[in-house]
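Observations on the model geometry
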Amino acid sequence: MTRDWAASEKPPPAQLSVAPYAEKRRAALSAQFPGERLVLPAGPPKVRSNDCDYRYRPHTVYAHLSGDSTADTGTDAVLVLQPTAAGHDAVLYRRPRSPRSDRGFYRDHRHGEFWVGPRETLAETEEKLGITCAPLDDLPGALRGPCPTRVIRGVDPAVDAAVPVRDPDLDRELAAVAAELRLIKDDWEIAQLQAAVDHTVKAFTAVAAVLPQATGLPRGERWVEGTFERIARMEGNGVGYETIAASGAHACVLHWIRNDGTLRLGEMLLLDAGVETDTLYTADITRTLPISGWFTPRQRQVYDLVYHAQEAGLAAVKPGARFRDFHMAAMRVIAEGLQDWGVLRSAEEALDPESGSYRRYTLCGSGHMLGMDLHDCAAARASQYLDGVLRPGHVLTVEPGLYLQPDDLTLPPELRGIGVRIEDDVVVTEHGARLMSSDLPRHPEEIEIWMQSLTA
């Protein structure tokens, strides 16, 4: 087994376009923690069942700061920023490529090349990422010594065990600052997110085209899911999150991912899905489509209200506005519409924080930051995110919805069981905002025309 193999070394690859951006991100993190060692693990594989792992995806903080978004380096890598007088030196610790003389090459089902494919050499990774690389076996020595150390915890148990907790708040602060570095997207990131959106528009179009084929199937929601995810794998890394393909009253369940329902004429399909690029940036778009291609009057009534709410939310997205403003702008339209329908007694009363009764029908917020994580920057401090203001480079979703539960006796019977969400991805610019997903129809009449054109 160890003899008579041709040399398999390849010339070093060209440096990735992300490398200079990742270097700037590391410099920004370095400036926040002078004199401290920062440990940023990619994480080990995650077991799906017994000896089978999920497809590997490195931890977001590691990927953002290293530029390493593929499995070519192997699993368990750790990026360490070692303090120097001038800032920090970055070293990426990872498994070298296994020699053919290594038994693990043939027998290790997690790391052996015959099992999972070849890893890059250290030299290849250095050239590709512009980061000094060292063997993973050298990591324990690099983590020893009296230098104060912060770790992104809960990612790699081996790293957590190797570095005793000095103060949990210090590690949480590192996680918060690393998340806040992703709040403002650089030009490279915005281009990646636009690519994710464009791929997602293509996948939505494929779904709309196959709705006649999926209608009536016992688990037609899964036909929809499979159609979307086929495009996602062809165009990118896959889906950025579990696809929500919710027909009929399933649309009233915010995170319906069982996707085992039947698509029926006269009902609607709520599809919430996003393609993740090979660089791990995801889109997040929702459309609620009439399965027949035409809205019924009641469906149009609900859809119109959500559409106008989204229009109000989109109009509120601009630099200097509070992050929470777009949500409240959308909710005011929703509350006033529910008052007009006789569902709410008073919109003003429902919007009062002491009451918040409109939430019975909307359930959740109207958007979130978007990036490498679906709900990006979640570890950021509230002062920088939820209670902060919008700035150019923020990328977020605007996604108001109405979820009129089938068993809600406060609703007229003809409205029960209708769920509508409209979600689009937006980048804040110097003078306003740009709708990144504008190529996908939103207005109900445009949706009907579009659907008819696809199935003609």
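In what follows, the structure referred to is the one given above.
Residues numbered from 1 in each chain as written. Predicted model: local features only at pLDDT ≥ 70, side-chain atom pairs only at ≥ 80, totals over all residues. Heavy atoms only, no water.

As for helix α11 (residues 297-315)
Compared with the 27 Å implied by 1.5 Å per residue over 19 residues, the 27 Å span of α11 between its first and last C-alpha is a close match. Of all the positions in α11, only Gln299, Val302, Tyr303, Leu305, Val306, Tyr307, Ala309, Gln310, Gly313 and Leu314 are classed as buried. (Helix = DSSP H or I, 4+ residues; strand = E, 2+ residues; numbered from the N terminus. Expected span 1.5 Å × (residues − 1). Buried < 20%, exposed > 50% of the residue type's maximum accessible area, 1.4 Å probe, protein only.)

Focus on the layout of surface pockets
Approximately 920 Å³ is the volume found for the largest pocket. As for the largest pocket, its lining consists of 26 residues, and the residues nearest its centre are Tyr54, Arg55, Arg57, Val239 and Gly240. Only α10 (220-235) and β8 (238-239) provide two or more residues apiece to the lining of the largest pocket. By residue class, the composition of the lining of the largest pocket is 11 nonpolar, six polar and nine charged. There is about 550 Å³ of room inside the second largest pocket. Elements with a contribution of two residues or more to the lining of the second largest pocket: β3 (52-53) and α4 (113-116). Looking at the lining of the second largest pocket, its residues break down into 10 nonpolar, eight polar and eight charged. (1 Å grid on protein atoms, 1.4 Å probe; cavity = no way out; pocket = protein on both sides within 12 Å on 5 of 7 lines; lining within 4 Å. Points joined across faces, edges and corners; volume = space filled by probe spheres on them. Nonpolar A, V, L, I, M, F, W, Y, C, P; charged D, E, K, R; others polar.)

Quick notes on a nonpolar patch on the surface
A cluster of nonpolar residues, Met1, Trp5, Phe114, Trp115 and Val116, forms a patch on the protein surface that exposes about 610 Å² of accessible area. Here Val116 shows up in helix α4. (Patch = residues over 30% accessible without salt bridge, like charges linked within 9 Å, V, L, I, M, F, W, Y side chains within 5 Å. Areas by Shrake-Rupley, 256 points an atom, 1.4 Å probe, with all protein chains shown as cover. Salt bridge = Lys/Arg side-chain N within 4 Å of Asp/Glu carboxyl O.)

Digging into unusual backbone geometry
One non-glycine residue, Leu280, lies in positive phi territory at about 75°. If you trace the backbone, Leu280 turns up in the loop between β11 (275-276) and β12 (285-290).

Regarding the pattern of salt bridges
Evaluation of the coordinates by the stated rule reveals 30 salt bridges. In this structure, the salt-bridge partner of Asp53 is Arg110, at a minimum N-O distance of 2.8 Å. Within this pair, whereas Asp53 is found in strand β3, its partner Arg110 is found in the loop between α3 (104-107) and α4, the two being separated by 57 residues in sequence. Classification of Asp53 by relative accessible area gives partly exposed; the value is 28%. Its relative accessible area of 29% is what places Arg110 among the partly exposed residues. Salt-bridge contacts for Lys202 lead to Glu235; the nearest nitrogen and oxygen are separated by 2.5 Å. Residue Lys202 is located in helix α9 (residues 187-214), and its partner Glu235 is located in helix α10; the two are separated by 33 residues in the primary sequence. Beyond isolated ion pairs, a larger network of salt bridges with shared partners links Glu36, Arg150, Arg166 and Glu173.

Without other data, these values stay purely geometric and don't point to any function.
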